Amino acid sequence: MTTQRLVSRSQRLNQITHEPHSKLDALVKAHAPFDTPTSFARFVVAQYLFQSELVALYNDAELSALIPDLPARCRADAAKADLADLDTEVPAPVAGAVNNPTQAEALGWLFVSEGSKLGAAFLIKRAVGLGLSETFGARHLAEPAGGRAEGWKTFTRTLDGLAFTEQQEAEADKGALDAFNRFTVLLEQAYAAEPA
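An account of the accompanying structure is given in this report. For every chain, the first residue of its written sequence is number 1, and the numbers climb from 1 along that sequence. In keeping with the predicted nature of the model, local features appear solely for residues at pLDDT of at least 70, side-chain atom pairs appear and are counted solely at 80 or more, and the whole-chain, interface and lining totals rest on all residues. The side-chain values count all of the structure's non-hydrogen atoms but skip hydrogen atoms and water molecules.

### Side note on the packing of helix H4 (residues 37-53) against helix H11 (residues 166-192)
Phase 1 of the analysis: Their axes nearest at 8 Å, the elements H4 and H11 cross at an angle of 140°. In terms of orientation, H4 and H11 fall into the oblique class. Once H4 is placed against H11, the crossing between them reads as right-handed. In this structure, H4 contributes Ser 39, Arg 42, Phe 43, Val 45, Ala 46, Gln 47, Leu 49, Phe 50 and Glu 53 to the contact, and H11 contributes Ala 179, Arg 182, Phe 183, Leu 186, Leu 187, Ala 190, Tyr 191 and Ala 192.
Phase 2 of the analysis: Polarity classes work like this: nonpolar for Ala, Val, Leu, Ile, Met, Phe, Trp, Tyr, Cys and Pro, charged for Asp, Glu, Lys and Arg, and polar for all others, with Gly in that last group. Considered class by class, the residues forming the contact of H4 with H11 number 12 nonpolar, two polar and three charged. Lines fitted to the C-alpha atoms define the axes, with helices restricted to the stretch that makes contact. Angles between their N-to-C directions range from 0 to 180 degrees. Counting from the N terminus, the helices are DSSP H or I runs at least four residues long and the strands are E runs at least two residues long. Any angle that is under 35 degrees is reported as roughly parallel, and any over 145 degrees as roughly antiparallel; angles of 65 to 115 degrees are reported as roughly perpendicular and all others as oblique. Handedness of a crossing is defined here by the sense of rotation of the near helix relative to the far one, left-handed for an anticlockwise turn of less than a right angle and right-handed for a clockwise turn. Here, two residues are considered to be in contact whenever any of their heavy atoms come within 4.5 Å of each other.

Structure representation (structure tokens):
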């Protein structure tokens, strides 16, 4: 038991999601979202689909009691505005979205969504090469108020400080793994769709 406590919950979630995270990174690179505006628009479609599925979690009253700025952290509206900038239709929902997860499972999903903001620091620089910015076309990659690192530290501090049962630890793990798998599905869907 003592050895398990040496690794924080957020560190453990990072470790168990390393493989799906690496696979997803490779898949994103394979689709080359920064090669053309059209390819980037498809990437934004996937981002919008994923973020829109998490709106209920970001606005959940019990989760907001744990993380007071949670509703403001949601990027679904930013991704929707990016789609408009890119002359891309808002996609229809894709079957299989997260539905009524336990609180621990929801925190696993949010862990993945919030963690992606760190990687967005590199992506926004690539988007600039396509003539996009934090105010046009790549809003969902913008730096959050207060900074990326600080937002992440605040989130993981709260996550790591919660008292979880063994069952809840397993639920958090499941949520994080499911989130990576879901984004992978949505990314494939976005790039499989015929461009309008």
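### Looking at the side chain of Ser 10
Phase 1 of the analysis: With respect to the helices and strands, Ser 10 occurs in helix H2 (residues 9-16).
Phase 2 of the analysis: Residue burial is assigned from relative accessible area. The probe radius is 1.4 Å, only protein chains are included, and a residue is buried under 20% of its type maximum, exposed over 50%, and partly exposed in between. Judged by relative accessible area, which is 9%, Ser 10 ranks as buried.
Phase 3 of the analysis: Among the polar contacts listed, one links the side chain of Ser 10 to the side chain of Ser 8, at a separation of 3.3 Å.
Phase 4 of the analysis: Among all residues touching Ser 10, those that are not within four sequence positions of it are Phe 111, Thr 156, Leu 159 and Asp 160. Here a polar contact is recorded for every N or O atom pair within 3.5 Å, except that within protein the pair must consist of a potential hydrogen donor and a potential acceptor, and residues adjacent in sequence are included only if both atoms are side-chain atoms.

### Notes on the nonpolar core
Across soluble globular proteins, nonpolar side chains show a tendency to be buried alongside one another.
Phase 1 of the analysis: Grouping buried Ala, Val, Leu, Ile, Met, Phe, Trp, Tyr and Cys residues that are joined through side-chain atoms within 4.5 Å yields what is termed a nonpolar core. Counting residues in hydrophobic clusters, the biggest one holds 53 residues, and the most contacted among them are Phe 40, Leu 57, Phe 111 and Leu 187.
Phase 2 of the analysis: Elements supplying a minimum of two residues to this core: helix H3 (18-31), H4, helix H5 (55-58), helix H8 (76-85), helix H9 (103-128), helix H10 (148-161) and H11.

### Side note on the pattern of salt bridges
Phase 1 of the analysis: Salt bridges are defined by distance alone: a side-chain nitrogen of Lys or Arg within 4 Å of a carboxyl oxygen of Asp or Glu. Under the criterion given, the structure shown has 13 salt bridges.
Phase 2 of the analysis: A salt bridge links Arg 73 to Asp 69, with the shortest nitrogen-to-oxygen separation between them at 2.9 Å.
Phase 3 of the analysis: Notably, a salt bridge pairs Asp 178 with Lys 174, separated by 2.6 Å at the nearest N-O pair. Taken together, the residues Asp 178 and Lys 174, both in helix H11 and four residues apart, mark about one turn of the helix.
Phase 4 of the analysis: Judged by its relative accessible area of 43%, Lys 174 is partly exposed.
Phase 5 of the analysis: Shared partners join several salt bridges into a network, and the residues in it are Arg 9, Arg 12, Glu 169 and Asp 173.

### A few points about the packing of H4 against H9
Phase 1 of the analysis: Contact geometry for H4 and H9: axes closest at 13 Å, N-to-C directions at 160°. Taken together, the axis directions place H4 and H9 in an arrangement best described as roughly antiparallel. As for the relative orientation of H4 and H9, their crossing is left-handed in sense. Between H4 and H9, the contacting residues are Phe 40, Phe 43, Phe 50 and Gln 51 on the first element and Trp 109, Ser 113, Leu 123 and Ala 127 on the second.
Phase 2 of the analysis: A per-class count over the contact of H4 with H9 returns six nonpolar, two polar and no charged.

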